[in-house]
Amino acid sequence: MTASLIASSSALLPSSLLRPIAGHANLCPSSISTKRQELDILLSTVKHEMLHALGFSVSLFAFYRDPEGNPLTPRGDNGKPNLNEE
């Protein structure tokens, strides 16, 4: 079995804002099945990638803010979350 890329997505996180302001999703047409029985898989994949494009990603959770705009994760001296540090 060979691996293939069906879709990918990402969110744009400018260093000045540290929050997603734009995103994109890329679906590979040659990897998309038009079979009716695989429609649920296609819809699940599209939803999954759109959520990543909107900024829902494990790597971005530390950048989330509360409704007032305050960081939910403590920040270091550089203004960014202390990731992978003890």
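Thresholds applied
Residues numbered from 1 in each chain as written. Predicted model: local features only at pLDDT ≥ 70, side-chain atom pairs only at ≥ 80, totals over all residues. Heavy atoms only, no water. Helix = DSSP H or I, 4+ residues; strand = E, 2+ residues; numbered from the N terminus. Rg over C-alpha atoms; globule rule 2.2 N^0.38 Å. Buried < 20%, exposed > 50% of the residue type's maximum accessible area, 1.4 Å probe, protein only. Contact = heavy atoms within 4.5 Å. Areas by Shrake-Rupley, 256 points an atom, 1.4 Å probe, with all protein chains shown as cover. Lys, Arg positive; Asp, Glu negative; His and termini not counted. Charge placed at Lys NZ, Arg CZ, Asp CG, Glu CD. Phe/Tyr/Trp six-rings, centres within 6.5 Å; stacked < 30°, edge-to-face > 60°. Salt bridge = Lys/Arg side-chain N within 4 Å of Asp/Glu carboxyl O. Polar contact = N/O pair within 3.5 Å; in protein donor to acceptor, adjacent residues only side chain to side chain. Expected span 1.5 Å × (residues − 1). Patch = residues over 30% accessible without salt bridge, like charges linked within 9 Å, V, L, I, M, F, W, Y side chains within 5 Å.

Side note on the overall build of the protein chain
Phase 1 of the analysis: Of the regular secondary structure elements, the protein chain holds one helix and two strands.
Phase 2 of the analysis: Counting from the amino terminus, the protein chain carries its helices and strands in the arrangement β-β-α.
Phase 3 of the analysis: Against the globule reference of 12 Å for 86 residues, the protein chain gives a C-alpha radius of gyration of 17 Å, more extended than a compact globule.
Phase 4 of the analysis: The principal-axis extents of the C-alpha atoms in the protein chain amount to approximately 50 × 30 × 20 Å.
Phase 5 of the analysis: Going through the 86 residues of the protein chain one by one, you find that 15% of them count as buried.
Phase 6 of the analysis: Contacts spanning at least 24 positions in sequence make up 39% of the contacts within the protein chain whose residues lie at least 6 apart.
Phase 7 of the analysis: Of the accessible surface of the protein chain, which amounts to about 6,900 Å², a share of 57% is contributed by carbon and sulfur atoms.
Phase 8 of the analysis: Charge centroids of the protein chain, computed over 7 positive and 8 negative side chains, lie 9 Å from each other.

Description of the packing of aromatic side chains
Phase 1 of the analysis: Summed over the entire model, instances satisfying the criterion amount to two aromatic pairs.
Phase 2 of the analysis: Look at F56 and Y64: their rings are 6.3 Å apart centre to centre, the planes differ by 90 degrees, and that puts the pair in the edge-to-face class.
Phase 3 of the analysis: Residue classification places F56 among the partly exposed positions, given a relative accessible area of 45%.
Phase 4 of the analysis: Summarising the aromatic geometry, the rings of F61 and Y64 are spaced 5.4 Å apart at their centres and angled 70 degrees between planes, so their arrangement reads as edge-to-face.
Phase 5 of the analysis: Taking relative accessible area as the criterion, Y64 reaches 26% and is therefore assigned partly exposed.

Quick notes on the side chain of E49
Phase 1 of the analysis: Among the secondary structure elements, E49 is positioned in helix α1 (residues 39-53).
Phase 2 of the analysis: Within the buried set, E49 has no salt-bridge partner at all; the shortest N-O distance to an opposite charge, 14 Å, is to K47.
Phase 3 of the analysis: Within the structure, E49 has its side chain in polar contact with the side chain of S9 (distance 2.6 Å).
Phase 4 of the analysis: Dropping the residues within four chain positions of it, E49 is found in contact with A7, S8, S9 and A25.

Things to note about α1
At 3.6 residues per turn, the α-helix brings residues three or four places apart onto the same side.
Phase 1 of the analysis: Taking 1.5 Å per residue as the helical rise, α1 with its 15 residues ought to reach 21 Å, and the 21 Å between its terminal C-alpha atoms agrees with that figure.
Phase 2 of the analysis: Downstream of α1 by one or two residues, G55 has phi in the positive range, about 105 degrees.

Some words on a nonpolar patch on the surface
Phase 1 of the analysis: On the surface, L12, L17 and I21 cluster together to form a nonpolar patch covering roughly 270 Å² of accessible area.
Phase 2 of the analysis: By the element assignment, L12 lies in strand β1 (residues 7-12).
Phase 3 of the analysis: Residue L12 is classed as partly exposed on the basis of its relative accessible area of 48%.

Honestly, that's just the spatial picture; any functional story needs more than this.
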